[in-house]
Amino acid sequence: MASGKAFAASGDQRAATSQFKAALQLDPDFADARVQLGRTLLASSDPAGAALELTRALDAEAPLVEVAPPLARALVLAGDYKRLTTTLGDVTLEDAAAQAELKSQVATAWGALGDRERTQAAVEAALKARPEYGPALILQARILAGQDKLAEALAVLDNVLQQPVKLPDAWQLKGEILEFAQKEPRLAAEAYREALKVEPAFLQAHVALTSQHIRARDIAAARKQAESLRAVLPNHPMMALIDAQLALLDQNLPLAREKAQTLLRMFPEDLQVLIVSGGVESEKGNLLQAEAHFAKAVKLSPASFLARSKLAEVYLRLGQPASALEAITPLLRETTPRIEVLSLAGDAALRLGDATAAEAYFLRAAKADPSDTRLQTAVALAQVARGDPAKGLADLEVVAARSPDTYADEVIFSARLKRREFDAALTALDAIQRKAPQKTGLMELRGRVHLARRDLPAARAVFEQALQKDKASFAAISGLTTVDLAERKFEPALARLQDAVKADPRNQFALMAMAEVRSASGAPLGEVSRTLMDAIKVAPNDPQPRLLLMDLLLRKRQFKDALVAAQAAAATLPHDMRIMEAVGRAQMESGDIEQAITTYSRVAANEPSSARAHVRLAEAFKISGRWPQAEAALRKALEIDPSLQAARFRLLDVLIASDQRTEALAFTRKTQASKPSQPEGYLLEGEYHTRLKAVDAAVAAYRNGLAKTNRSEVAAALFRLLMTSGRKAEAEQFGAAWVRANPKDIAFDDLLAESHILNKDYAAAEVHLKRVLAAFPDNVSALNNMGWVLSQLGKPGAVANAQRAVDLEPDNAAFLDTLSAALASEGQAAKALATQQRAVELAPENHDLRLTLAKFALKVGDKDVARASLKRLLDMGPNYAQHAEVSRLFQSL
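Everything numeric in this text was worked out from a predicted model, so none of it was measured. (Residues numbered from 1 in each chain as written. Predicted model: local features only at pLDDT ≥ 70, side-chain atom pairs only at ≥ 80, totals over all residues. Heavy atoms only, no water.)

J.: For the overall build of the chain, give the residues involved together with the corresponding values.
T.: Each helix and strand counted, the chain has 53 helices and 0 strands in total. Relative to the 2.2 N^0.38 estimate, which gives 29 Å for 893 residues, the radius of gyration of the chain is 33 Å and therefore close to what a compact globule would have. Each principal axis of the C-alpha distribution contributes one length, and for the chain these read about 105 × 60 × 60 Å. When the 893 residues of the chain are sorted by exposure, 51% land in the buried category. (Helix = DSSP H or I, 4+ residues; strand = E, 2+ residues; numbered from the N terminus. Rg over C-alpha atoms; globule rule 2.2 N^0.38 Å. Buried < 20%, exposed > 50% of the residue type's maximum accessible area, 1.4 Å probe, protein only.)

If you want it as C-alpha cells, here you go:
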C-alpha cells in the first residue's frame, strides 16, 4: 500500500495500480486498497474500472466521505448520470471539502440529464460547503452562460482563474463561451491552449482544439492537434474517437466505421461514441441505424445539443419533419437557442408545409446572429411582417445576391411559399442549389412546392430524381407516396413501401406509411392495425406507431381495443407523456372518466408547463360534474398560456354551467380590458349573452368588438348569430357589406358558402367556394362542400372535389357521405353504395347515413343490404325522425 501511494504521488499510475492490485490479492476485503485502486484508475482515465472498484470499496464498508467524491467523478466521466443521481444525489457529507466535491459532480450529472432546478440546487449546496470551491464556481458560470448572462459568467471564471490552484476547466469553459456564445474562435483557441499550459494532458482542451479544426475542415491542423493528444495520452479511448472523426472527414468510411464499432463494443453507453457512430452510419446511408444511435444518445443526455440536432437531421432525411421538430423542441425552449437549431426548426416547418412557422424561426435566427447578413435579413423580414412584402422581399433579394451563404435565400423561399408564389419559391431554391449543391433536402422541398401547387406529375418527377440520387432517401419515398395517394395509385405506393421494408425490415417509417396507404385505399381495419403492429414490433420504443394505432382504433370507435393498445403502450413507455395523454383519451372514450382524471392529472404533474394537459384534465372534470376542479384546471392552463383561446371559452362554459354568471361576465370584460384591440374578449361576451338567449345583447357585444378590432372572427360570429336567431335579412345585408369592405377575407367567403348551402342556394355557394379554393386548394371542408354543391347542381367536378376531401381525411364519415352523393349524381351507383357503407362503418350511430345507404342499395338492387339497414332504423320506432319514410321503404321490399 505504501509503495502504491508513493507511485501514485509521483504520477506513475500504472505502477500504483499494480501495487494496489497486489495488496487486494493478499486481502480482497481491504477497503482502503479498493479506494486507492479506484482513485488510481480514475487518474488513469479508466472511469468505468474506477466506478467498479469504488463501489466494491463501499461494499467493504469504506468510509463514505472517502469514496463518494471519487465515485461521483468516475460515474460522471463514464456518463452514468442516472446511477449517480439515484445513488448519491441526496447524500450529504459532514466534511466540507468532500461535500463540495460530491455536490459539484452531482450538479454535473443533473445538468447532463437536463434538470436545471436540481443542477442549481446541487451547485448551491457545493458553494454553501465551500464558497470559493473552484469546480462549483465553474458550474455556476456554466449555468449563468446557459441563461445568456455571459458577462456574469466570465466574471465568475476570472475569479476562479485568480485563485492559487489553477483549474484547466475554467479556461475550457471560457473558451466554450468565447467560441459558441460570442463567436470568437481565435480567442477561444487561446483559452483552450491556456488550459493545456495548466495541464498538458487535459483531454477536453485537446478535443476542443481538434474539433475546431474538424469544423473548419482543416484536416492537417486537426491531425497535428490529434498527435499532440496522442503524445500525452497514447492509449486513451478518445484517440480512437478522434481517429474515427478524421476518417469520416476524409470520407474513409470503412476505417471510420471500424473505429466506431470498436468504441461501441467498449463504451456502448458513451455519449460521444454514440454521436460519432451515428455520424458514420448517416454518411453511409444507414439512416435507421444512425437514428438508433442518436436517439440513444438523447436518452442518455437529454440536454445534449449535438445529439438532438443530429437526430433531427436524420429525421429530416427520413422524411419525418414532425419528429425532427420534436427532437429539437427542448433546445428551442432555451433562453437563446442556437442558430443551427432555429435553422433546423425552420427547415422542418417548411417540410411540414408551415411556411409561417418557418419564417418565424428564420427571423429568430436572424436576430440571434450578429453577422451583417443575418442582421440585414432580419430587417428585411421585419418589413415583410409589418405589411410591406414588396419592399422587404426586394431587400432580401439584394442581401441574398451579395451573400455567399444560403441563409437569406432560405428566408426568401419560406416567404414566397407562405404567399403561395410558387414560381418565385422555385427560383429561390435554384439560388440555394447554386450556392450549396451538396445541401440535403433541396429536391424534397422542390417536390413539396409542386405538391402545394397541385402539379402532381412535376412532383413525381422530382421525387423520383431524388430517389435515384440517394437510394436510402426515405424522404423521397415518402414524397412519392404522397403523390400516389393524391392520384389514388395505391398498388404502386404499397409496392414501393414493401420494397423499402424488404431492404430494411426495421424501417418503421415505411410500415407506418403502408398503414396510411392501406387505410386510404379502404382496407379492412384489421389489415391496417396489423401493419401498425408490425411497426411497433420493429421499433417498440418509438411512440409514433403506437400513437397512430390508438388514434386509428379510436376513430373507428373500437374503444376496447384502443384501451388495450393504450395500456400496452403505457407499460412499455411509462414516461412518455404523449402516450399517457392517448391513454387518457382512450379511457375517456371508453367511459372510464375516473381513470382518465388520474391519467391526465399525472400528465399535468409531469408537464407543468403544458397548458394542453390542464385543458384535457378540465374536460374530464367537466364530464364528471366537478365544476370547481374543472375551473381550477382551466385557470391553470391560462396561467401557463394566457393566449390559449380554447381554454378561455371552456372556462366561460364552466362558469355558466356552474351558475357563476356574474363571474362569467366579469371574466369576459376582464379579457377585453387586457386586450382591447384583440377579438377574444368580445367573442367571449357575445358567447356569454348567446348562451343566456340574450340575442340583442350578444349582437351589441359583437358590433362593439367589430368597431374596436375589425376582425374576421368577430364578423363571422355576428353573421352566424343573426342567421340562427331568425334575422336572415339583416345577416345577408351585413355579410354583403363585409365582403365588399374586406374582399380578401377568404374565411368569410367560406362561411357565406356554408350559409348558402343551408339555404339550398347552391349557385351562390359555388361562387364563394371557388374563391376559397383558389386561395387554399387543399381546404378540406371547402372541397367537400364544393363536391356537394356541384352534385346538387348536376355540374361536372363533383366527384373530383369530394374525392380530394376524402383523400385528405379518409376516415371522415361526412366527407364519404358527400362523395357517395357525388358518385350517385354522376351515375356511379355501385361505387356510391360501397362508399356509403364505409361511411356507416365509421359512424354507426348516424342514422341518416344508414338511411342513405338503404336508398343506394335499393337503387342498385341490393335488397339484402337495404333490408338490414332499414330493419335497424325501423326498430327505433317513432324515435327516429324519418320513421315514416323508413316504413314506406321497408314495405316496398
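J.: Break down the packing of aromatic side chains for me, citing the residues and quoting the values.
T.: Applying the stated criterion to the full structure yields 5 aromatic pairs. Between Phe734 and Phe748, the ring centres sit 6.3 Å apart and the planes meet at 80 degrees, which makes this aromatic pair edge-to-face. Of the two residues, Phe734 sits in helix α44 (residues 728–741) while Phe748 sits in helix α45 (residues 746–758), which places them 14 residues apart along the sequence. Here Phe734 falls in the buried class, since its relative accessible area comes to 12%. Judged by relative accessible area, Phe748 falls into the buried class, the value being 1%. Aromatic ring contacts, followed pair by pair, group Phe719, Phe734, Trp738 and Phe748 into a single cluster. The aromatic ring of Phe305 is capped on one face by Arg338, whose charged end is 4.0 Å from the ring centroid. (Phe/Tyr/Trp six-rings, centres within 6.5 Å; stacked < 30°, edge-to-face > 60°. Lys NZ or Arg CZ within 6 Å of the ring centre and 35° of its normal.)

J.: Tell me what's going on with the side chain of Gln99, and back it up with residues and numbers.
T.: Topologically, Gln99 is positioned in helix α7 (residues 96–112). With residues up to four places along the chain from it excluded, the contact list for Gln99 reads Val91, Thr92, Leu93 and Ala129. (Contact = heavy atoms within 4.5 Å.)

J.: An account of the confidence of the model for the chain is needed here, citing residue identities and associated values.
T.: Confidence in the prediction of the chain, expressed as mean pLDDT, is 88, and 98% of residues score 70 or more. Per-element confidence in the chain ranges from a low mean pLDDT of 66 for helix α23 (residues 372–385) to a high of 95 for helix α2 (residues 13–26). (pLDDT = per-residue confidence, 0-100.)

J.: Which residues make up the nonpolar core, and what values go with them?
T.: Formed by 140 residues in total, the largest nonpolar core has its most connected members in Ile328 and Phe413. Those residues in contact with Ile328, other than ones at most four positions away along the chain, are Arg308, Ser309, Ala312, Val341, Leu344 and Ala345. By size, the runner-up hydrophobic cluster in this structure holds 60 residues, among which are Leu42, Val67, Ala153 and Leu167. (Core = buried A, V, L, I, M, F, W, Y, C linked by side-chain atoms within 4.5 Å.)

J.: Describe the side chain of Gln105, listing the residues and the values that go with them.
T.: Tracing the sequence through the fold places Gln105 in helix α7. Sequence-distant contacts of Gln105, that is, excluding residues within four places in its chain, are made with Pro69, Ala72, Arg73, Val76 and Leu84.

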